[in-house]
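Notes for the structure review
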Protein chains: 4
Amino acid sequence: MAQSEPDPEELLELSSETRTILEEHSLRPLWEVEDEMGTALDDPEADVWKWEDVQEAIDHIEEDVPIADLPPGFQRRVAVPINTAHAISNSIYVGIQTVSPGETAPSHRHGANALRFAIDGHEDMKTVVAGEEFPMRNNDLITTPQWEWHDHVNDSDETAAWLDVLDLPLVLDSMNARNVFENHELERQPVTKTPGYWDSQYGNGRPEGDSGDGSIPGPFEGIREPTPPYRFGWDEMLEALRQRADNDEPDPHDGYSLSYVNPATGSPPLFPTMTFRAQLLNEGPTDPHFHNATEVYFVIEGEGATHVGDEALEWSQWDVFIVPPDEIHHHEPDDEAILLGMSDRPVLEAFNFYAEAEPSS
Amino acid sequence: MAQSEPDPEELLELSSETRTILEEHSLRPLWEVEDEMGTALDDPEADVWKWEDVQEAIDHIEEDVPIADLPPGFQRRVAVPINTAHAISNSIYVGIQTVSPGETAPSHRHGANALRFAIDGHEDMKTVVAGEEFPMRNNDLITTPQWEWHDHVNDSDETAAWLDVLDLPLVLDSMNARNVFENHELERQPVTKTPGYWDSQYGNGRPEGDSGDGSIPGPFEGIREPTPPYRFGWDEMLEALRQRADNDEPDPHDGYSLSYVNPATGSPPLFPTMTFRAQLLNEGPTDPHFHNATEVYFVIEGEGATHVGDEALEWSQWDVFIVPPDEIHHHEPDDEAILLGMSDRPVLEAFNFYAEAEPSS
Amino acid sequence: MAQSEPDPEELLELSSETRTILEEHSLRPLWEVEDEMGTALDDPEADVWKWEDVQEAIDHIEEDVPIADLPPGFQRRVAVPINTAHAISNSIYVGIQTVSPGETAPSHRHGANALRFAIDGHEDMKTVVAGEEFPMRNNDLITTPQWEWHDHVNDSDETAAWLDVLDLPLVLDSMNARNVFENHELERQPVTKTPGYWDSQYGNGRPEGDSGDGSIPGPFEGIREPTPPYRFGWDEMLEALRQRADNDEPDPHDGYSLSYVNPATGSPPLFPTMTFRAQLLNEGPTDPHFHNATEVYFVIEGEGATHVGDEALEWSQWDVFIVPPDEIHHHEPDDEAILLGMSDRPVLEAFNFYAEAEPSS
Amino acid sequence: MAQSEPDPEELLELSSETRTILEEHSLRPLWEVEDEMGTALDDPEADVWKWEDVQEAIDHIEEDVPIADLPPGFQRRVAVPINTAHAISNSIYVGIQTVSPGETAPSHRHGANALRFAIDGHEDMKTVVAGEEFPMRNNDLITTPQWEWHDHVNDSDETAAWLDVLDLPLVLDSMNARNVFENHELERQPVTKTPGYWDSQYGNGRPEGDSGDGSIPGPFEGIREPTPPYRFGWDEMLEALRQRADNDEPDPHDGYSLSYVNPATGSPPLFPTMTFRAQLLNEGPTDPHFHNATEVYFVIEGEGATHVGDEALEWSQWDVFIVPPDEIHHHEPDDEAILLGMSDRPVLEAFNFYAEAEPSS
Ligand SMILES: [Fe+2]
Ligand SMILES: [Fe+2]
Ligand SMILES: [Fe+2]
Ligand SMILES: [Fe+2]
Ligand SMILES: [Fe+2]
Ligand SMILES: [Fe+2]
Ligand SMILES: [Fe+2]
Ligand SMILES: [Fe+2]
């Protein structure tokens, strides 16, 4: 209904009596409301956050603020790229978090889904989820799903940094749902599982009764198989990408692209609200396309540019950039590049509203 | 994360250098952003729109504006209850539409899902959808699903009025999707189906190949079985309610309550974004509960009040009222009442975010 | 592995010592076993049971045996077409049952799924299922699903006759499952529901919580939405067929064909083990095809022939005939005919084993 | 309907005229047919096949018959435990196959699903499926799903032996489906994939478009997500079992038990017709139970006995034994044992016919 017509309000003579009645009773004529719809939220714009800038910021924040000084409920030291009201987009939030040697980001849980993608990782930097300590090695992706306790403990001697990705703007700004939040009574939740437990239980064997039981943690109800706590090791993901490149054709728009699966279903999306792709670009520029989903990218390695409309977003390792909905875009890696692609496509697919096309030439 | 703590910003001393770096690079510390989240959209408030007021308004609009004078793309004469930016809520839109004798609301289609619930209906008031003329008798509910052509033709000699319900705020204001809209080249789409066709094809018999094919009309993709064009006759719905009352216990919060099914699946919700219930209240007040879904009600018949927090919304026939998310509420019919309950619960369930509880006593 | 090769046993010289060892330990070489497989059950052959013959038989049985004389657990007076070991096929059983005026076929329940299709029906001939009396008018189809109590009570003054269809051969002869059977302590189960109850609860409205709960009655577990007790009135089914004929193209092999839906899912098959189609043939001969599903037909009205391989099965009203798996077949109605088509296709589809093709010309 | 009543036939006096009519028209009274049902197939009996006996047999067969001498379509050298007409049970077939150094079991494909569980395996003993060479190390499980080409090539210098498991009796003897079978034009299918390809594509990443596409190979149609070609390495499975034992309670009837998942769904069953469990028994005897599914076991390691009714099946490494439907049974390992449990439970669940209970004490 977003059409560039002459302003309909001016064309239409409602009597002043009618106007008075409408106003008195909190009513408006559709043709006026219609014209304004689609403006309630800030639109995201194509943009890139360079790692050197982000790094400067997080270093300064780390110097200024020990985690322990942050008030309860806010004890995460994160720099947040801002593009819409409170995040990089209206659905996906990304932040860059640091934990200094010896520090702990204390245990809490919430309704929003989250994951960590390790940038400066370490074997002894642990994210503890649902009773298991997950080591955060470089490029590992660790889920901290809806309503699971999670804390981040740096037992190494180096500052660790990672990408946080949550569906916060969707949950808090775009839907009427209230996020639910709770602090653990302890700074660190008890470790109750042996290392590798969650991985092993969502691998090739599953307890028979568990298949498709889909019980959702917390006070929540819904129709989707919940995502388990899980660590996606980068080595395995990279091997799968290389296998794909050795045996198959690339996707014209996304290159050799594998979507992280929800381990409980063996299929993407990783969360009901967000999907994540490891994308290997090594066969020149991709073909342009557009879609009504938002795409946020993190550069795992390599350099290049992504063309969005008339703009070129130049990127290199560890940069973050965004491709807004409905903008024509394609990627041009300099040589070989690997991206972490993040998209809210599952939100649109949940309502049969996803649409994608190539520009007519 | 919405906690009423002391403003964290004041507690935290970021150096002015850090502040400068953050601002320069469109970055913000999480603890500040977190505090502001959940404020991007207007919150709906409990309220009631009395039919006498609505009627006064739609009568005046009808007098002032023939449909034919409205500009293309806006040719619907509707009074819209306003409670949030552009609608009664952040997910569900309702409007009260009139078509005068001899008038046509011309044919168009769009991405948003819609239905009509006939208030002042008539056998010769027709909503034409997907090639079939659906008569709009009182209390009939007619779907005009995503991307199906629809026009409204009043061949009777009385003004017809009905409730329009769409997921417009969700589609246009709350998600990054752009609604897609198209006018038909004709004012009235061709009638290509015999009367009763769509009903008969989604009744007790289905073509074998069609089961679960789930092809979605238009440019859209998704994971939900699309809703067909369909007319839910009131007589059958009322009979089912009476059967329920004769044979079963009422739901403690919703009374004898039957949800309109998606005829393609035999199960609610009617649309992936909205569910609709016919609710018969005749056993005194219901028990209080609250949930993070929005509820909008239309009073089909009877009188009573709905208590929302400390407020009592008094209602009688054809009034519209809203119960905002997370407000404790219960219904008190004077005697027997029948409500059309509308809810965005499917939106929350699509992401495992629905939550419901009784107040702890 | 059924290939017409020379007998492999003769080609292969196993030493007598090897033979002895194999026999001693209940072992056999695969190449010998392989050759014999597929012979454990009788294959069904194309055949037709003429109504005049069936009628003569059921009249004689009715004269000879009052239901009351039959021993408990066998109190159904039915003539069963025999084509394989114990039924018309290896999956679908049909029988023709009569109940004389004043008689009752007493209440019981079992694991096998059943339906009744009324031949000589009557408003006062009742099948009681799950607490509701369902009138058996001509051509009505009434489900008595797995583990639901059912009794047949003839309160009219005429003998009633109907087609029983069950998945008994599959359950009892072809799978290792034991059927479970129980007699009700009463001859007639108590009527606890008002007439029309089950129909109304699986129509256009459904209790919200029930959607997809799929709880299976009895001691059983499984992955399919169970079929509810339900009466499919013929008038509605016929109207849907006529609508199809007025608006759509016929299926090349089945004519205008609508499959009875499982009312709980809005989609075929009616039972997890059997699908049922109302088929209107009025546009000349259908195209030949073949499939590995068994088809059993009941002629609702009209005359014609079905060609199966080289054979022509001539049929008229109320005849029963069978098209065995993998036989090429097509239908030739004399003028207009309506068939009830029954198939075990869901059994094959449950394991991805269904296959269908047209003969190469 | 299997009740031990007095023979109803004797109780009922059908006139000789009625008998003549029935016989003439291939009709029988239900009460007679009912009594005979459930006898068409041989019932399996509890039994054990000791490895030493099996080994003696396969050694002799290997000596007597080179694979190359077997006729086309029968070129597998397998000893088949016989308990029903053509297999160990009416649903699951097991065989013990050998391939001598330098031999190839040539490439073919068929409708039945199969897997290999390596007993005497070797890195250079390869099962080639869908273009990839899968090494058969001890206890590896390799799928050769419906309609995928497969050949077995022994490039090692030792005879290899493994367990073949197929759903042949179900497909060929118990359903009306005809198995479809085809020999490859080459003895060895071309190797077109790099080692590890299939594993990598059904691991943690999946191409987005592939999720849930469920396209079934060959001429087949159905409703189940097909199983991909896949090798389940034993190390990973054993680790998952140990993790389970370290962190969870055992199942009372099956011990620490993990079911092999269909990698395309992340859930059991491995095939639509058969499920497979790795079971670690190390906490004494399990509790008795019974179910209408057939269980076949292969002893991966350890010794013990399984009590079936009054019988004790004593087993040690590499023995095969069967627990027939509806027999009360429990396992008693001597110390620690690991079993491969195989069950046709999915067949029963496909039709809501699975039932399981503990004996009433
Ligand atoms: Fe968190
Ligand atoms: Fe894209
Ligand atoms: Fe519209
Ligand atoms: Fe409510
Ligand atoms: Fe029965
Ligand atoms: Fe056919
Ligand atoms: Fe094979
Ligand atoms: Fe068992």
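Only a predicted model underlies this, so the values are computations on that prediction, with no experimental measurement involved.

Let's shift gears to the pairing of strand E18 (residues 295-301) of chain D. Residue and element names in this part refer to chain D. Here E18 lies mainly inside the structure; 6 of its 7 residues are buried. When E18 meets strand E21 (residues 320-323), the two strands line up antiparallel, connected through 4 bridges. Among the inter-strand pairings, Phe298 is bridged to a residue of E21, identified as Val320. Where E18 lies against strand E23 (residues 337-343), 6 bridges are found, and the strand directions are antiparallel. For Val296, the partnering residue across the bridge sits in E23 and is Met342.

As a further point, take the coordination of the iron ion (ligand 3). All names here are of chain B. The protein atoms that coordinate the iron ion (ligand 3) are His108 (NE2), His110 (NE2) and His150 (NE2), at distances of 2.2 Å. Of note, the iron ion (ligand 3) draws all its donor residues from one chain, in the sequence arrangement H-x1-H-x39-H. In this pair, His108 sits in strand E5 (residues 104-110) while His150 sits in strand E10 (residues 150-154), placing the two residues 42 residues apart along the sequence. Residue His150 is classed as buried on the basis of its relative accessible area of 1%.

Moving on, we come to helix H7 (residues 234-247) of chain A. The end-to-end C-alpha distance of H7(A), which contains 14 residues, comes to 20 Å, matching closely the 20 Å that a straight helix rising 1.5 Å per residue would cover. Of the positions making up H7(A), those classed as buried are Trp234(A), Met237(A), Ala240(A), Leu241(A), Gln243(A), Arg244(A) and Asn247(A).

Looking now at the relation of the copies chain A and chain D. For the pair chain A and chain D, the superposition axis carries a translation of 0.0 Å, the fit reaches an RMSD of 0.0 Å, and the rotation angle comes to 180 degrees. Seen this way, the second copy is the image of the first under a two-fold rotation axis. Among all residues of chain A, the one whose C-alpha sits closest to the rotation axis is Gly266(A), at a distance of 2.2 Å. Most of the interface of chain A is mirrored in chain D: 98% of its interface residues are interface residues there too.

Attention now moves to the UniProt feature "domain: Cupin type-1" (unreviewed entry) in chain A. As annotated by UniProt and renumbered to match this structure, "domain: Cupin type-1" (unreviewed entry) occupies residues 243-359 of chain A. Between the end C-alpha atoms of residues 243-359 of chain A the distance is 31 Å, and the span holds 9% helix and 42% strand.

With that out of the way, let us pick up the sheet that holds strand E9 (residues 141-144) of chain A. Two orientations exist for strands paired in a sheet by backbone hydrogen bonds: parallel and antiparallel. Across the sheet, 7 strands lie side by side as E14(A)-E9(A)-E6(A)-E11(A)-E4(A)-E3(A)-E1(B); this open sheet has antiparallel pairing. Of all the strands in the sheet, just strand E14 (230-232) of chain A together with strand E1 (27-29) of chain B have a single pairing partner and so form its edges. Across this sheet, the average inter-strand angle for adjacent strands is 25 degrees, counted without regard to direction. Looking at chain direction, strand E3 (residues 78-81) of chain A and E1(B) are connected through 3 bridges and run antiparallel. If you follow Val80(A) over to E1(B), its bridge partner there is Arg28(B).

Here we take up the packing of aromatic side chains. Taken as a whole and judged by the stated rule, the model has 50 aromatic pairs over all chains. With a centroid separation of 6.4 Å and an interplanar angle of 80 degrees, the aromatic rings of Phe271(A) and Phe276(A) are classed as edge-to-face. Accessibility classification places Phe271(A) together with Phe276(A) in one group, the buried group. Ring centres 4.8 Å apart and planes at 65 degrees place the aromatic pair Tyr230(D) and Phe232(D) in the edge-to-face group. Phe232(D) shares its class with Tyr230(D); the two are buried.

Looking now at the environment of Leu340(D). All names here are of chain D. Considering the arrangement of structural elements, one finds Leu340 in strand E23. According to the relative accessible area criterion, Leu340 is buried, its value standing at 0%. When residues no more than four places from it in sequence are discounted, the contact partners of Leu340 are Phe117, Leu163, Tyr260, Arg277, Val296, Tyr297, Phe298 and Ile300.

Time to look at the coordination of the iron ion (ligand 2). Residues and elements named next belong to chain A. At the metal site, the iron ion (ligand 2) is ligated by His289 (NE2), His291 (NE2), Glu295 (OE), Glu295 (OE) and His329 (NE2), and these contacts range over 2.2 to 2.7 Å. Note on His289: relative accessible area 2%, which makes it buried. Under the relative-accessibility criterion, His329 is labelled buried at 2%.

Now for the relation of the copies chain B and chain A. For the pair of chain copies, the relating operation is a rotation around an axis with a shift along it. Overlay of chain B on chain A (RMSD 0.0 Å): rotation 180 degrees, translation along the axis 0.0 Å. When the interface residues of chain B are mapped onto chain A, 100% of them again fall at the interface, so both copies present the same face.

Turning our attention to the arrangement of the chains. Between chain A and chain C there is no contact, and the shortest C-alpha to C-alpha separation is 10 Å. Chain B shows no contact with chain D. Their nearest C-alpha atoms sit 10 Å apart.

Let's shift gears to the interface of chain A and chain D. Between chain A and chain D, the residue contacts involve 40 residues of the former and 39 residues of the latter. Both faces considered, chain A and chain D share a buried interface measuring about 3,100 Å² in area, 41% of it formed by carbon and sulfur atoms. Ranking the residues of chain A by area buried against chain D places Asn204(A), Glu208(A) and Gln243(A) at the top, with a combined share of 23%. The tally of links from chain A across to chain D stands at 0 salt bridges. The tally of links between chain A and chain D comes to 24 residue pairs in polar contact (both at pLDDT 80 or more). Of all the secondary-structure elements, those providing two or more residues to the side of chain A that touches chain D are helix H6 (197-201), strand E13 (205-206), E14, H7, strand E15 (256-260) and strand E16 (275-281) of chain A. Of the residues assigned to the side of chain A that touches chain D, the class counts are 13 nonpolar, 18 polar and 9 charged. The sheet contact formed by E15(A) and strand E13 (residues 205-206) of chain D spans 2 bridges and is antiparallel. Across the sheet, Ser259(A) pairs through a bridge with Arg206(D), a residue of E13(D).

Moving on, we get to unusual backbone geometry. Residues and elements named next belong to chain A. Of note, the amide linkage connecting Pro268 to Pro269 takes the cis form, showing an omega dihedral of 5 degrees. Position of Pro269 among the secondary structure elements: in the loop between E15 and E16. With a phi close to 70 degrees, Asn139 is a non-glycine residue in the positive phi region. Among the structural elements, Asn139 can be located in the loop between strand E8 (132-136) and E9.

All names here are of chain A. Counted residue by residue, strand E5 (residues 104-110) has 7 buried out of 7 residues, so it is predominantly covered. Relative to strand E10 (residues 150-154), E5 runs antiparallel, the two sharing 3 bridges. Along E10, the bridge assignment pairs Ala105 with His152. For E5 and strand E12 (residues 181-183), the ladder comprises 3 bridges, and the chain directions are antiparallel. Of the residues in E12, the one forming a bridge with His108 is Asn183.

This next bit is on the pattern of salt bridges. This structure, assessed with the given rule, holds 65 salt bridges over all chains. Here Arg244(C) makes a salt bridge to Asp248(C), at a shortest N to O gap of 3.6 Å. Side by side, Arg244(C) and Asp248(C) carry an identical accessibility label, which is buried. In this structure, Glu123(D) and Arg137(D) form a salt bridge, with 2.4 Å as the shortest nitrogen-oxygen distance. You can see Glu123(D) sitting in strand E7 (residues 122-129) and its partner Arg137(D) sitting in the loop between strand E8 (132-136) and strand E9 (141-144), a full 14 residues away along the chain. Classification of Glu123(D) by relative accessible area gives partly exposed; the value is 38%. The exposure class assigned to Arg137(D) is partly exposed, which follows from its relative accessible area of 35%. Linked by salt bridges that have partners in common, Arg345(A), Glu349(A), Glu356(A) and Glu221(B) make up one network.

Analysis parameters
- Residues numbered from 1 in each chain as written.
- Chains lettered and ligands numbered in written order.
- Predicted model: local features only at pLDDT ≥ 70, side-chain atom pairs only at ≥ 80, totals over all residues.
- Heavy atoms only, no water.
- Buried < 20%, exposed > 50% of the residue type's maximum accessible area, 1.4 Å probe, protein only.
- Helix = DSSP H or I, 4+ residues; strand = E, 2+ residues; numbered from the N terminus.
- Pairing = 2+ DSSP bridges.
- Donors = N, O, S within 2.8 Å, 3.2 Å for Na, K, Ca; no water.
- Expected span 1.5 Å × (residues − 1).
- Least-squares fit on C-alpha atoms with pLDDT ≥ 70 in both.
- Contact = heavy atoms within 4.5 Å.
- UniProt positions renumbered as here; feature names shortened; annotations may be inferred.
- Axes fitted to C-alpha atoms, helices over the stretch in contact; angles between N-to-C directions.
- Phe/Tyr/Trp six-rings, centres within 6.5 Å; stacked < 30°, edge-to-face > 60°.
- Buried area = accessible area lost by both parts, 1.4 Å probe.
- Salt bridge = Lys/Arg side-chain N within 4 Å of Asp/Glu carboxyl O.
- Polar contact = N/O pair within 3.5 Å; in protein donor to acceptor, adjacent residues only side chain to side chain.
- Nonpolar A, V, L, I, M, F, W, Y, C, P; charged D, E, K, R; others polar.

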